[in-house]
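Coordinate inspection notes
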Amino acid sequence: MSSPKNLSTLKDVATQYLRDAVGRQDAEFRDGQWESIAQAVSGHRVLVVQRTGWGKTMVYTIATRLRREEGAGPSLMISPLVALMRNQELAAESLNLTARRMTSDNYDDWADIYEELESDDVDILMITPERLANTTFFSRVLSKIKLGIGMLIIDEAHCISDWGHDFRPDYQRIRRIQKLIPEGAAIVATTATANNRVVEDVQKELGGDIPVTRGSLIRHSLKLHNLRLADPRERLAWLAEWIPRLPGSGIIYVLTRKDADLVAEWLESQKIDAQAYYGNAGERDKLERALLANELKVLVATIALGMGFDKKDLTFVIHYQRPGSVVHYYQQVGRAGRGVEKAYGFLMWGNEDEQIADYFLDNAFPSQDEINQVLEVLEDVEGGLTVPEIMFQINLKGSRIEKILKLASLESPAPVIYEMGAWVATGEAEGFEIAQEKIERLRKIRNREKEQMREYMDHKGCLMAFLQRALDDKNVAECGKCGNCRKIPNQFYQPKAELVLEAEHFMGKRKIFIYPNQKWPASNLSEHEIHESETIKPEYRAKWGFVLCRAFDGNLGDRILRERRLQNQYSDEVVSAFIAMIKKRVSKFQFITYVPPHEGKKHIPLLAEAVANELDLNLITTASRTGIGERQSAQKNPVQRARNAAEAFVIDYSVEAPTILIDDLIVSGWTLTTLAAQLRYDGCHAVLPAALVKRTLSE
Amino acid sequence: MIWPLSDDTNTVLLLCAWLGGEDVYLPLEIREYNTLEQWLFQNGYRTGNLIQQSCAEAAAQATGLGSDRLTALLSRSITLGFYLEEWQRKDYWIIGRGDVHYPERVRQFLQESAPPVLFGMGDRQLLDQSATAVIGPDQVMESANQHAREIAELCARHDRTAIAAGKQTLSAAVVESGLLSGGSVIWVIQGPVFGESLRKLFRRAKAAGKFLMLSGRSPADRRPLPQEPEVGRIAVALCDSVMYVDGTELSGDRYCVEDAVYSVLEQRNCFVRSFGQATAAAERLTHGGANPCIEVEMAIHEELFEDRAEIIQGELLEDDHPDHEIEPAYLEIPAPSKDLASIEETEEEDCETEEMAIVEEQAASGSGKLQQEGIQLDLFEQIPGNDRKDEEGVNTGSSKKEGADDSDNSSRESSEEYGIQGSLF
């Protein structure tokens, strides 16, 4: 712990570190920066609430350096933002510190990091909160740090609060950890976005008298616009028209991967350099670097492109759909304009937004009944189960089961625990009840956030001022730059009609594939030989297939679902479109068969008949339903779906020649996979699946 | 309230707990901690005061423990916070030697060698109940294991906690048998107990408040067994009586159970049961005052216990005799032989005194069957001068009898409920 006299000397040292780091010998600390450093150096706690770019990093890197010079152990930084960690490594280097991160995208480096920790060569270790759940964190990380952790840095500290806009289950552990840390430990908690309620809550959690450094959140360079373009074709057209006119590079935020693909492909078709951002970490890293190097005009990203992405000259952020809350919007749009004088934020929203938002809300928390199902299965076994093994026993989605296990394992004491590669019930499992009042409170918060987002979309006044008020910024002022301050009429945002038509045409002709499954979701799904191994033998696999369109596309997909529900057969327009697709993409197949319909339904046989007649194919009824099993739509996870499909059909007539297998709706694909495997087992040389419409499981 | 821990316990953990990475500054050994604690006490400090730099420096200087070492150990507070949260989530409880919850028997019996911190899991109330330690060397014959199982069963039947120590087949027999019989078990081991607690039988017993696991070592401490592990000493400290189950000359005794039993010969009712030739360990214990137990016919004893319970119940139901007070601790009275039963019938009021006299006489003469009965008596007798016995005695009149019935029922139910599992290790 440093005395006041020491602190005075240390300030001079710290100022020199700052100057060396930023490369300017006249640099001085911003208000609150040194005070925060001094708290940490003295072994106290501090909460820093400042906008991105204010210099929070400088607080904990300089504090780390000063503490390390006094002989303290390395700092441990917990952050959900992997992208930010890469920037932190560079920031630490500027202070001659060694920062290392242990994230899912650098497993290969971990062995070296363990060694560096052991030899005390790491100054700042960065991990995600999820890493705490891994037992190796204790056995391979904490136990390697000889002098103990010198300082704890909690990034995105608003996640500690239940009232925060981000509910990250693993932060519950951080909340408990910091409460259990005895006095006299240096803890720096930082956040860029927190309203009064959240700040007070975090402050209370960290210790009531903890000092808070808080500044204004306004970003003067940013010009905000709200665009009322509900139709996806209009939004695509607007993007194609306006992105080439915007300076520099930017980000388009979408809510789903499906939309990321749609928007990126559309922009590429319009000769705009765009890429969809999701998928594996390595691919994401490559795309981030491309954007940082301005090799891309725009990255179309889900929220996977997190808050940590820091590109000073990012000039625009466009929301293709509305985010979950005003705070999320502020965080995302705030990526733009950090180091440039002019930047733009465009918010669009569509008819599908509400449905997606409701889906996320409805699925945010499991019910007590679902929790009981999982715990009962685990309680009944010795040694625990893996998620696929649980999926075999109960009809719940894999992601749902994972969420339940995650939430339950974070309780204290925990009713389940991940041990030796399996989930195991503990003595707390019996009669475990999740705190419903807490879930209800979180649900209310999310609903309120949704309402506030709607208010923002309808807001007629200054948009920046609205955001500042929502975040309890004390310095609210009209920006004079946003679409509302400048009174820009909505017509100004309307795209050209010919581009709207082009977008419609583009959406109609996009190829949608059916990827042949290569593995069953579990072994021993049935007695049939096709299920004898978990891998689907190549000789039983289907070929790549095609789907005409996607569900809820605002176009043909919506119409097909409507006709499927309300009519006895598909309209000529739908049938013609399907025939056109098959004609264009499939050749050398002389036979066609179909998925046997449920009793009383004739959509599929009639569709197959029409295709056969039009394309002069031989129509064969190869299979019938056994009557065993339930509706596929009632099955919640791949194991249940594949098992249900495994029992559903019997091959009545085998065919050797390559055959097209058609269905009207494809969701998980297990029906087509199973039937194709059965046909192939009975001697069919090739099976090509084709369907009218593809719906995702969440739809 | 165990969580959050007191400042004192937090500080003891910082000083003494192994959290990994200790090759620079070793945590304090018990004797070092004792020296420090003594200095703190003499100077009017509490352990938690060591967080103040001035106090820590003064203590380091006075005790010769080294300022760098103390400072380094005390600076592990963030690391400790991570471990505490993990242990809390795994449902450990942690008690420092200065806490009111620290088991008084361990504190009193082990005194300065009592572990500065105890790590446990399960219902702590078990620590305050009457208990029998069924312990022995590393390896024993199957007949010895069977004997241990029967004693554990008997404990369950008599609402008495069985205590096992260490990770040997004998302990496994005691723990499993005790729990499957619906009884309560304390298992003292050296090291992390969490992994063990996940077994179906154990987690259910723990949930039912019947199972407690205890260790004097931090769950993060993965060091091999020390020369003199405290497992055996904690086990004998916690019990009222001890049954030492003998092994062979080649059995080994890594938990120093023999020494632990030897050290309590004067304070606890200790028995030694050998199978075949008594080992040198058994000889040493019997020469030191432990009662040799040559042959215990468990089945007969069980039967007699049941008979006696039925007799007393029958009397209660048929004849609500105002003078006929059920002896408060009747289930701790040995299963009487026929001779004893006849004495009881004729001299009912004095039966317990009479029994005790006979048992003591037989035990003193070291002869035959009555001695075995005496063993049975004393094994389930609480140690003299223990307040808990009196407290229990006050409440045990009819409730004890009901307890006996419940115990039998719960024994059957528990066996079904828990399911019979595979071997302990």
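Preceding this section is the structure that the text describes.
A brief look at the structure comes next.

What follows deals with the overall build of chain A. Helix and strand counts for chain A stand at 24 helices and 23 strands. When its C-alpha atoms are laid out on the principal axes, chain A stretches across 95 × 65 × 45 Å. Expressed as a percentage of its 699 residues, the buried residues of chain A come to 57%. Of the contacts made within chain A by residues no fewer than 6 positions apart, 76% connect residues no fewer than 24 positions apart. As presented, chain A carries roughly 29,400 Å² of accessible surface, and 47% of it is formed by carbon and sulfur atoms. A gap of 5 Å separates the mean positions of the 90 positive and 98 negative side-chain charges of chain A.

A few words on the pattern of salt bridges. Under the criterion given, the structure shown has 46 salt bridges over all chains. A salt bridge links A:Arg233 to A:Glu504; the shortest N-O distance between them is 3.2 Å. Within this pair, whereas A:Arg233 is found in helix H9 (residues 232–242), its partner A:Glu504 is found in helix H19 (residues 497–509), the two being separated by 271 residues in sequence. Taking the relative accessible area as the measure of exposure, A:Arg233 reaches 19% and is therefore buried. B:Asp240 is the partner of B:Arg160 in a salt bridge, and the nearest nitrogen-oxygen pair spans 3.9 Å.

This paragraph deals with the nonpolar core. A:Ile154 and B:Phe82 are the most contacted members of the largest nonpolar core, which has 146 residues in total. Once residues lying within four places of it in the same chain are set aside, the contact partners of A:Ile154 are A:Ile78, A:Ile160, A:Tyr171, A:Ile174, A:Gln178, A:Ile187, A:Val188, A:Ala189, A:Thr190 and A:Leu206. The next biggest cluster of nonpolar side chains, apart from the first, holds 39 residues, and it includes A:Leu291, A:Leu296, A:Met453 and A:Leu463.

As a further point, take the sheet that holds strand S11 (residues 298–301) of chain A. Residue and element names in this part refer to chain A. If you walk across this open sheet you meet the six strands as S8-S13-S12-S9-S11-S10, and the pairing is parallel. Where the open sheet ends on each side, the last strands, each with one partner, are strand S8 (222–227) and strand S10 (274–277). Direction aside, the axes of adjacent strands within the sheet are offset by 15 degrees on average. As paired elements, strand S12 (residues 316–319) and strand S13 (residues 343–348) share four bridges and run parallel to each other. Within S13, the residue paired with Ile 318 across the bridge is Phe 346. Against the sheet, helix H10 (residues 257–269) makes contact with strand S9 (250–253), S10 and S11, and its axis sits at roughly 170 degrees relative to S10, the strand it touches most.

With that settled, consider the packing of aromatic side chains. Tallying each qualifying case throughout the model produces 24 aromatic pairs over all chains. Each member of the aromatic cluster is reached from another via a ring pair, and the members are A:Phe137, A:Phe138, B:Phe82, B:Tyr83, B:Trp87 and B:Phe119. Seen from the ring of A:Phe392, A:Arg643 lies directly overhead, with NZ or CZ sitting 4.4 Å from the centre. The aromatic ring of B:Phe109 is capped on one face by B:Arg268, whose charged end is 5.5 Å from the ring centroid.

Turning next to the environment of A:Leu227. All names here are of chain A. Assignment of secondary structure puts Leu 227 in strand S8. When the C-alpha positions of Leu 227 and Gln 373 are compared, they lie 45 Å apart, and in sequence the two are 146 residues distant. Once you skip the residues sitting within four places of it in the chain, Leu 227 turns out to touch Trp 238, Phe 346, Leu 347, Met 348, Trp 349 and Tyr 493.

A few words on the packing of helix H3 (residues 53–63) of chain B against helix H4 (residues 67–74) of chain B. Residue and element names in this part refer to chain B. H4 packs onto H3 with a crossing angle of 135 degrees between their chain directions and a minimal axis gap of 8 Å. Judged by the angle between their axes, H3 and H4 are oblique. Two packed elements cross with a definite hand, and for H3 against H4 that hand is right-handed. For the pair H3 and H4, contact is made by Ala 56, Glu 57, Ala 59 and Ala 60 and by Ser 67, Leu 70 and Leu 74, respectively. Here the contact of H3 with H4 is composed, by residue class, of five nonpolar, one polar and one charged.

What counts, and where the lines are drawn
- Residues numbered from 1 in each chain as written.
- Chains lettered and ligands numbered in written order.
- Predicted model: local features only at pLDDT ≥ 70, side-chain atom pairs only at ≥ 80, totals over all residues.
- Heavy atoms only, no water.
- Helix = DSSP H or I, 4+ residues; strand = E, 2+ residues; numbered from the N terminus.
- Buried < 20%, exposed > 50% of the residue type's maximum accessible area, 1.4 Å probe, protein only.
- Contact = heavy atoms within 4.5 Å.
- Areas by Shrake-Rupley, 256 points an atom, 1.4 Å probe, with all protein chains shown as cover.
- Lys, Arg positive; Asp, Glu negative; His and termini not counted.
- Charge placed at Lys NZ, Arg CZ, Asp CG, Glu CD.
- Salt bridge = Lys/Arg side-chain N within 4 Å of Asp/Glu carboxyl O.
- Core = buried A, V, L, I, M, F, W, Y, C linked by side-chain atoms within 4.5 Å.
- Pairing = 2+ DSSP bridges.
- Axes fitted to C-alpha atoms, helices over the stretch in contact; angles between N-to-C directions.
- Phe/Tyr/Trp six-rings, centres within 6.5 Å; stacked < 30°, edge-to-face > 60°.
- Lys NZ or Arg CZ within 6 Å of the ring centre and 35° of its normal.
- Parallel < 35°, antiparallel > 145°, perpendicular 65-115°, else oblique.
- Left-handed = near helix turned anticlockwise from the far one by under 90°.
- Nonpolar A, V, L, I, M, F, W, Y, C, P; charged D, E, K, R; others polar.

None of the figures reported here should be taken as evidence of function without further support.
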